[in-house]
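# Inside the fold
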Amino acid sequence: MRPLRYSINVTQDGCVDHTAIVPNVEMHQHAEATIARADALLFGRVTYQLMESAWRPPASDEMPDWTQPFARTIDAARKHVVSNTLDAVDWNAELITGTATDIIVAVRALKDEPGTGIYVGGVTLPTLLAAHDLIDEYEFIVHPRIAGHGPYLFGGLTEPLDLEPLGRTEFASGAVATRYASRR
């Protein structure tokens, strides 16, 4: 069974709005290494469209040179997109549609496939997956910044998640990435 891993940037006050984080070389190198550990990416519609608009060539060609390893890795990755509003996806992607139950069944099937792992990004979809105990590993990259706004991490989760620390990485920017396994 492939592990499902979740990694997200978050401010000290819990904001997960990607525009609240200042990008830098070190964060992009870490993100590239994170998604390179997976043989599939899983995104909701919003995250997919955000990533596609920034990282699909030729748009990514306009990004700084230090972002290009990330751009190449995400461009080449196999992607699964959860959406009931998109009619079709491309960019090496497959569409997953249906009810929450259909999505849970589809993600379980993806996890049952052989491979090195699945990386999930975004905010809403990971909350649904966490509520159904489908995420095996969490990584929170906490930045030394207070955003003063949301969206917030796991808003609406109805049950607590118990996590076991796996490791921690400190960055020159002051950000700290902490990895956790789900305690089942």
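It should be noted that the structure appears before, not after, this text.
A few points on the structure. (Residues numbered from 1 in each chain as written. Predicted model: local features only at pLDDT ≥ 70, side-chain atom pairs only at ≥ 80, totals over all residues. Heavy atoms only, no water.)

It is worth spelling out empty space enclosed by the protein at this point. In this approach a probe as big as a water molecule rolls over the atoms, and the regions it shows empty are the leftover space. The full count for this structure, using the stated rule, is one cavity of 30 Å³ or more. Within this model, the largest cavity holds a volume of roughly 50 Å³. Together, Arg 5, Tyr 6, Ser 7, Thr 34, Arg 37, Glu 137, Tyr 138, Glu 139 and Arg 179 line the largest cavity. Of all the secondary structure elements, the ones that give two or more residues to the lining of the largest cavity are β1 (4-11) and β6 (137-143). Per-class residue counts for the lining of the largest cavity are two nonpolar, two polar and five charged. (1 Å grid on protein atoms, 1.4 Å probe; cavity = no way out; pocket = protein on both sides within 12 Å on 5 of 7 lines; lining within 4 Å. Points joined across faces, edges and corners; volume = space filled by probe spheres on them. Helix = DSSP H or I, 4+ residues; strand = E, 2+ residues; numbered from the N terminus. Nonpolar A, V, L, I, M, F, W, Y, C, P; charged D, E, K, R; others polar.)

A separate point is the packing of aromatic side chains. Taken as a whole and assessed by the stated rule, the structure comprises eight aromatic pairs. Taking the centre distance of 6.4 Å and the plane angle of 85° together, the rings of Tyr 6 and Tyr 138 count as edge-to-face. Here Tyr 138 lies in strand β6 and Tyr 6 lies in strand β1, a separation of 132 residues in the sequence. Geometrically, the ring pair formed by Trp 55 and Phe 70 is edge-to-face, given 4.9 Å between the ring centres and 75° between the ring planes. Pair noted here: Trp 55 is in helix α2 (residues 45-55) and Phe 70 is in helix α3 (residues 68-76), with a separation of 15 residues, a long-range link. For the pair Trp 55 and Phe 70, a shared accessibility class is recorded, and that class is buried. Ring-pair connections join several aromatic residues into one group, and the members of that group are Tyr 6, Tyr 138, Phe 140, Phe 154 and Tyr 180. (Phe/Tyr/Trp six-rings, centres within 6.5 Å; stacked < 30°, edge-to-face > 60°. Buried < 20%, exposed > 50% of the residue type's maximum accessible area, 1.4 Å probe, protein only.)

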